[in-house]
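Examining the three-dimensional arrangement
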Amino acid sequence: MEQVLKIEDLRTHFFTGEGVARAVDGVSVSVGKNRTLGLVGESGCGKSVTALSILRLIPSPPGKIVDGKITLSGKDILSLPEVEMRDIRGKLASMIFQEPMTSLNPVFTIGTQIIEAVRIHTDMGKAEAREIATEYLSKVGIPAPAESMSQYPHQLSGGMKQRVMIAMALCLKPALLIADEPTTALDVTIQAGILRLIKDLQAETGTAVLLITHDLGIIAEMADEVAVMYAGKVVESGPCNSIFSSFVHPYTEGLFKSLPSRTERRRKLYTISGTVPSALRFPPGCRFHTRCPLAIEKCKSEEPPLVDVDSGHRCACWVRAGGSA
Amino acid sequence: MIHYIVRRLLLAVPTVLGVCLVTFLLFNVFASPEAVARKQLGKNPTPAQVKAWVTAHGMDKPMFFNLNPGKDGSIRPFDSRFWNHMTELLLFRFPESDYLHEKVIDLLKQKIVPSLTITVPAFLLSILVTLPIALLIAYYRGTYIDRLALLICVILMSIVILNYIIVGQYLLAVVFKYFPIYGYDFGVGAWKFLLLPVILAVASGLGGGVRFYRTVMLNEVRADYVRTAMAKGVSEEGVLFKHVLKNAMIPILTVTVLSIPFLITGSLLLEMYFGIPGMGNLMLNAINSHDYPVIRTLVYIYSLLYIAGSILTDISYTLVDPRVVFE
Amino acid sequence: MAESHLQIAIKRIKRDRLAVSGFCVICLFAFIAFLDSIPSPRRDVGGVQWTRTVLDALFQKEVEISYSPPMTMTGILNRTEFQLKSRHLLGTNNLGEDVLYNALKGVRTAFIIGIVPSVIAAFFAIILGLLAGYYGGWVDDIIQYIYQVLSSIPGILLLIAMLMVMERGLWQLCFALGVTSWVGLCRLIRGEALKVKSMEYIEAARALGASDLRLLFRHILPNVMYLVIIEITLDFSSLVMSEAVLTYIGIGVEPGTGSWGRMIMMADRELANSIWWNLTGASVFLFALVLAFNLFADALRDALDPRLREG
């Protein structure tokens, strides 16, 4: 199956006064048409930077995509001139962000903002663009879409704002939708609605979805494939079922164990010991070794590669997936 | 809208009263009338002269309540320094200048226009020049152009305004003779006297203005909605000129509209230097000749202007920020 | 070992080379001001009591009859030349005073004007701001009313009015400048106090029985100090420039106190005779100190800004 998005060995580094932060350091993932890839990990592991790299939205004085290849619907993203890149953003690939409260421009109506997205990429007139905008507002479940067009963002609730963002992102039917923690800032009761909306719209248009989250529950509901990231690298990836039923990497295991269980009663909640290392100073060898209960000597000095442990299921660990004891 | 303005004006009343009180305290309590008289009368006045001055200015009356019967035997309890001061200001019955022997209100009428002929062009020109430069710098943010521009701004800001005026006048008017050195003309011929002061006014404010606008722009550029706009495919120019600029208007307006009432007050230094007979000149003369009635009145009027300015500023917000509603 | 905020701030500032150069210049000027503050033994020359401070001992020169260009040995009086008593690095002004000496004497005044008013303002701002933010209610209302009224009077006017009723002098000027400029900082501190007041560690401290005063000074104040420091360093430059302007228009320091403003005022008339060195000397000193402080204060503010503290 032709992949809509293919990222190969992406490295995005930030050159700050205090050193180089290797936020994304060798990530390879891919998403197919009508499929959802869940990118999961704690804050600081590089998931958002990966997403921003796809659209080349990394702030350029400190940040830079130093290596790798990104292919989007056959186009080599990293070699495109900026003018063509602008064409792609919003049309071939769209992104929605975590903070709907601040992601919309407060001084323009939501109608204006959606129409802007349409008119940048097509030569539609205002009236035509307005129709499309209204159509999509209705699709995402905004009540009275025609009247809502002239409302300002502050007049909408968080959930509504996120729906507007989704409308804006999907109105030009992109091949890829990147959703960076789309429900994290929303009430739990609203989250389900947003997720369902994304799923429905995906089914309608066949859009590939890259869903970034730290919430395994959301992954379970939405993702077909999963990639677990830690400290700028993918440590485990594979089909969702496979990962959930038979996770391999100790970090993934830690993530699952940290979920409060509804059936078991434990006295203490499990946490992975230690904290996520700063991107300025990753540990040598396997980056997880400082927090890993299974770490051996080899882990401290050599980085484990991603190896197949099952069909489509890969893991990077010397102990569990390296053939070494 | 009318309700809002009325309410703000009513709320401003206690502040205005406070301002009158402060000026009263300053000129009556913190400085004794005799000391003021002595300063006014110049070198070594006789006690008789001092007393005459004090009586003529009504400063020998009691502070708050006058229970002494007057010449005709009547008692006017509100004929005291405090009440006279308050009514003078609040009822706009402005006094006469000690020095110029004209009513302050007449002086004001004469002097406002010359001040405006300098401040208004300077104000407009300043915005027209600094805003585009700031936008340009924001476009190149993070690059060496940005850093160089910022350094230049700081250097320009570090040159005291006196230098701009003195050196500017010396070089451009005296040495190169591009402009007349000094003077003013009422009527159409005034413009050639205005060019140099206006240019110098704009030049001296360039560094600070560009830096301020740049900071405002860069604050907005960091916002999330800019990231969304770029993710939609909006160009750099589109982001700056549409998205950022409109949001930046909010803080920019605060500063700009607030300074509009002060266009009337005129620039002390420019008027002094170029012989413009405006409000700044009036103020300066009043200072040097210890003309208290003028100073008192000016402080009061300028405070009213400030209050008017802040009401105007609040109203202007509603024009640019849809989140602000008259409540 | 986690670094203190101060250490982080210092590290950040060190990276900004302009700020570091600014700091060095500030130190140099501070040293000059320091020299001008140490009394030195009297040295009577020709019956005139001369030296008062170490700076005077080092740089004071005999007054010439009239002006002279830098580094020459001849001056000009009424279009005729005359021989100078000594060589002057920056020349002499119309009154024959050594320009370099006058400029150096202005340094101490500049430092006093640059710092003392801010300290006075900070004093008022901290006390009133903390009280208003912490206690709220009628205390807040009264304090807000006070600064509402004060800020409605344009600063320069209030300043002028105050200076007119007081005697002229350096310390009076400092006081007037301080009293007319505390409102801005007060508003900031009040805002911070309001924010900090509702934070959990304050509630925790109160639950442990801390008194109001203790809370204010040991818990809230330290969190607000960075605002005060930033304000004091940022205001230095504008205060020094204000002194120059105020002295120029006639309401600054009294004659006899070193003042770049006075030098500029005199230089103004001298330009007609093409005497440029007096103005240049004063302006260069003023510019150097103001620029140095601007560069340093900006870096300091960025370094102390809590938003940039994630490091």
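All values reported here derive from a predicted model rather than from experimental measurement.

**Notes on the overall build of chain A**
Helix and strand content of chain A: 13 helices and 12 strands. Computed over the C-alpha atoms, the radius of gyration of chain A is 21 Å, within 12% of the 20 Å expected from 2.2 N^0.38 for a compact globule of 325 residues. Projected onto its principal axes, the C-alpha coordinates of chain A cover approximately 65 × 50 × 40 Å. Buried positions account for 47% of the 325 residues belonging to chain A. Within chain A, counting contacts between residues at least 6 apart in sequence, those at least 24 apart form 63% of the total.

**Things to note about the overall build of chain C**
In terms of regular secondary structure, chain C is built from 12 helices and four strands. With the C-alpha coordinates aligned to their principal axes, the bounding extent of chain C is approximately 80 × 50 × 35 Å. Pairs at least 24 apart in sequence give 61% of the contacts found in chain C among residues at least 6 apart.

**Some details on the domain arrangement of chain C**
All names here are of chain C. Taken domain by domain, chain C consists of domain 1 (13-60 + 98-308) and domain 2 (62-97). Listed per partner, the contact involves 11 residues of domain 1 and 11 residues of domain 2. At the level of secondary structure, the elements contributing two or more residues to the side of domain 1 that touches domain 2 comprise helix 4 (99-135), helix 11 (260-270) and helix 12 (277-304). Here the side of domain 1 that touches domain 2 gets four residues from one element, more than from any other, and that element is helix 4. Among the residues making up the side of domain 1 that touches domain 2, the classes are represented as six nonpolar, three polar and two charged.

**Digging into the nonpolar core**
Counting residues in hydrophobic clusters, the biggest one holds 249 residues, and the most contacted among them are Ile 114, Ala 167, Leu 176 and Leu 210 of chain A together with Ala 161 of chain C. Examining the composition of this core, we find that 17 residues originate from one element, helix 12 of chain C, more than from any other.

**Structural notes on the confidence of the model for chain C**
All names here are of chain C. On average, residues of chain C score 82 in pLDDT, and 93% of them are at 70 or above. The lowest-confidence element of chain C is strand 2 (residues 48-49), averaging 55 in pLDDT; the highest-confidence one is helix 2 (residues 17-35), averaging 92. For this predicted complex, the interface confidence score (ipTM) comes to 0.86, while the overall pTM stands at 0.84.

**As for the interface of chain C and chain B**
At the junction of the two partners, chain C supplies 31 residues and chain B supplies 33 residues. Secondary-structure elements contributing two or more residues to the side of chain C that touches chain B are helix 5 (137-152), helix 6 (155-165), helix 10 (212-249), helix 11 and helix 12 of chain C. The biggest single contributor to the side of chain C that touches chain B is helix 12 of chain C, with eight residues. Counted by class, the side of chain C that touches chain B contains 24 nonpolar, six polar and one charged residues.

**What to know about the sheet that holds strand 2 (residues 19-32) of chain A**
All names here are of chain A. Spatially, four strands are ordered 2-1-4-5 in an open sheet, and the strand pairing comes out antiparallel. Every interior strand has two partners, whereas the edge strands, strand 2 and strand 5 (75-76), have only one. By the bridge criterion, eight bridges tie strand 1 (residues 3-16) to strand 4 (residues 63-72) in an arrangement that is antiparallel. The residue bridging Glu 8 from the neighbouring strand is Lys 69, located in strand 4.

**Some thoughts on the sheet that holds strand 9 (residues 225-230) of chain A**
Residues and elements named next belong to chain A. What the eight strands build is an open sheet, ordered 6-7-8-3-9-10-12-11; its pairing is mixed. The open sheet terminates on both sides in strands that have one partner only, identified here as strand 6 (93-96) and strand 11 (307-310). Neighbour-to-neighbour, the strand axes of the sheet open up by a mean angle of 20°, direction not taken into account. Across the face of the sheet, helix 7 (residues 158-170) comes into contact with strand 6 and strand 7 (176-180) while running at roughly 170° to strand 6.

**Details of the pairing of strand 7 of chain A**
All names here are of chain A. In terms of residue burial, strand 7 counts as a mostly covered element, since five of its five residues are buried. By the alternation rule, side chains of strand 7 split into Leu 176, Ile 178 and Asp 180 and Leu 177 and Ala 179, which are all buried. Judged from the four bridges that link them, strand 6 and strand 7 form a sheet pairing that is parallel. Counterpart to Ala 93 in the pairing with strand 7 is Leu 176. In this structure, strand 7 lies alongside strand 8 (residues 208-213), joined through five bridges in parallel fashion. Each residue of the ladder has a partner; that of Ile 178, found in strand 8, is Leu 210. What joins strand 7 to strand 8 is helix 8 (residues 188-205), and the crossover it makes is right-handed.

**Here's the deal with the packing of helix 6 of chain C against helix 7 (residues 170-179) of chain C**
All names here are of chain C. Running from amino to carboxyl end, helix 6 crosses helix 7 at an angle of 145°, the nearest separation of the two axes being 9 Å. Pair helix 6 / helix 7 crosses with right-handed handedness. Listed contacts from helix 7 to Leu 159, Met 162 and Leu 163 of helix 6 are Gln 172, Leu 173, Ala 176 and Leu 177.

**Thoughts on the pairing of strand 10 (residues 233-239) of chain A**
Residue and element names in this part refer to chain A. For strand 10, the buried fraction is high: six of the seven residues fall into the buried class. As paired elements, strand 9 and strand 10 share six bridges and run antiparallel to each other. The residue of strand 10 that forms the bridge with Val 226 is Gly 238. Where strand 10 lies against strand 12 (residues 313-315), two bridges are found, and the strand directions are antiparallel. Residue pairing for strand 12: Glu 236 is matched across the bridge by Cys 315.

**Quick notes on the environment of Pro 143 of chain A**
Residues and elements named next belong to chain A. Among the secondary structure elements, Pro 143 is positioned in the loop between helix 5 (126-139) and helix 6 (145-148). With 9 C-beta atoms counted inside 10 Å, the residue Pro 143 sits in the exposed group. Along the chain, Pro 143 and Met 160 lie 17 residues apart, while their C-alpha atoms are 9.5 Å from each other.

**Here's the deal with helix 6 of chain C**
Where burial is concerned, most of helix 6 of chain C is hidden: nine out of the 11 residues are buried. Inspection of helix 6 of chain C places Leu 157, Leu 158, Leu 159, Ile 160, Ala 161, Met 162, Leu 163, Met 164 and Val 165 of chain C among the buried residues, and these make up the whole buried set. Buried positions along helix 6 of chain C lie against helix 1 (2-29), helix 12 (279-288) and helix 13 (292-320) of chain B together with helix 7 of chain C.

**Observations regarding the packing of helix 10 (residues 236-259) of chain B against helix 13 of chain B**
Residues and elements named next belong to chain B. As a packed pair, helix 10 and helix 13 sit with axes 9 Å apart at the nearest point and diverge in direction by 155°. Judged on the interaxial angle alone, helix 13 and helix 10 are roughly antiparallel. Crossing handedness for the pair helix 10 and helix 13: right-handed. Residues Met 249, Ile 250, Leu 253, Thr 254, Val 257 and Leu 258 of helix 10 form the contact with helix 13, whose participating residues are Gly 309, Ser 310, Leu 312, Thr 313, Ser 316, Tyr 317 and Val 320.

**Some remarks on the environment of Lys 232 of chain B**
Turning to its location among the elements, Lys 232 of chain B is positioned in helix 9 (residues 224-232). In contact with Lys 232 of chain B, not counting residues within four places along its chain, are Arg 89, Gly 90, Ala 117, Ile 120 and Met 168 of chain A.

**Looking at unusual backbone geometry**
All names here are of chain A. Of note in this structure, Asn 34 is not a glycine but carries a positive phi near 65°. Structurally, Asn 34 is set in the loop between strand 2 and strand 3 (36-40). Using a count of 15 C-beta atoms within 10 Å as the deciding quantity, one classes Asn 34 as partly exposed.

Rules behind the numbers
Residues numbered from 1 in each chain as written. Chains lettered and ligands numbered in written order. Predicted model: local features only at pLDDT ≥ 70, side-chain atom pairs only at ≥ 80, totals over all residues. Helix = DSSP H or I, 4+ residues; strand = E, 2+ residues; numbered from the N terminus. Rg over C-alpha atoms; globule rule 2.2 N^0.38 Å. Buried ≥ 20, exposed ≤ 12 C-beta atoms within 10 Å, placed from the backbone. Contact = placed C-beta atoms within 7 Å. Domains from an automatic or database assignment. Nonpolar A, V, L, I, M, F, W, Y, C, P; charged D, E, K, R; others polar. Core = buried A, V, L, I, M, F, W, Y, C linked by C-beta atoms within 7 Å. pLDDT = per-residue confidence, 0-100. Pairing = 2+ DSSP bridges. Axes fitted to C-alpha atoms, helices over the stretch in contact; angles between N-to-C directions. Right-handed = clockwise from strand over helix to strand, strands pointing away. Left-handed = near helix turned anticlockwise from the far one by under 90°. Parallel < 35°, antiparallel > 145°, perpendicular 65-115°, else oblique.

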